[in-house]
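Chain by chain, the residues:
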Amino acid sequence: MKEKAERVVRVGLQKNPKIVFDEVEQITAEMIRDGWKLSDSCLEEGLGNIHLLFERELIVGV
């Protein structure tokens, strides 16, 4: 069974790209340390947000 999570990073046209990428890297590194894998990401059409989609395997006790 897989558990899924989503994190959203605000982009906007006024925000410094380095700050955006640093925030994406920070969130991704934190999630990986907690056992998650980045499965997908998408940038909204209006460049408002980046959606980071994570998943991890759940071990279900028998």
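Keep in mind it's a predicted model, so treat the numbers as computed, not measured.

Trainee: Talk me through the sheet that holds strand β1 (residues 2-10); I want residue IDs and the actual numbers.
Mentor: In a beta sheet, neighbouring strands pair by backbone hydrogen bonds and run either parallel or antiparallel. If you trace the three strands from one edge of the open sheet to the other, you get β1-β3-β2, paired in antiparallel fashion. Here the strands that pair on one side only, and so sit at the sheet edges, are β1 and β2 (37-43). For this sheet, the mean angle separating the axes of adjacent strands, direction not counted, is 20 degrees. Direction of pairing for β1 relative to strand β3 (residues 49-57): antiparallel, over a ladder of nine bridges. The partner of Glu 6 across the bridge, within β3, is Leu 53.

Trainee: How would you summarise the side chain of Thr 28 if you had to cite specific residues and measurements?
Mentor: You can see Thr 28 is positioned in helix α1 (residues 17-33). Residues in contact with Thr 28, not counting those within four places in the same chain, are Leu 38, Leu 52 and Phe 54.

Trainee: With reference to specific residues and values, describe α1.
Mentor: Over its 17 residues, α1 runs 24 Å from end to end, which matches the ideal 24 Å to within 8%, given 1.5 Å per residue. Every buried residue of α1 is listed here: Val 20, Val 24, Ile 27, Thr 28 and Met 31. All buried residues of α1 fall inside an arc of 95 degrees around its axis, so they share one side. In α1, the exposed residues that point more than 90 degrees away from the buried face are Lys 18, Glu 25, Gln 26 and Arg 33. If you follow the buried residues of α1, they end up packed against β1, β2 and β3. Between the side-chain oxygen of the N-cap and the backbone nitrogen of Lys 18 there are 2.9 Å, and the N-cap of α1 in question is Asn 16. Backbone geometry just after α1 places Gly 35 at a positive phi near 95 degrees.

Definitions and cut-offs
- Residues numbered from 1 in each chain as written.
- Predicted model: local features only at pLDDT ≥ 70, side-chain atom pairs only at ≥ 80, totals over all residues.
- Heavy atoms only, no water.
- Pairing = 2+ DSSP bridges.
- Helix = DSSP H or I, 4+ residues; strand = E, 2+ residues; numbered from the N terminus.
- Axes fitted to C-alpha atoms, helices over the stretch in contact; angles between N-to-C directions.
- Contact = heavy atoms within 4.5 Å.
- Expected span 1.5 Å × (residues − 1).
- Buried < 20%, exposed > 50% of the residue type's maximum accessible area, 1.4 Å probe, protein only.
- Arc of directions from axis to C-beta.
- Polar contact = N/O pair within 3.5 Å; in protein donor to acceptor, adjacent residues only side chain to side chain.

As far as function goes, none of this settles anything; it's purely spatial.
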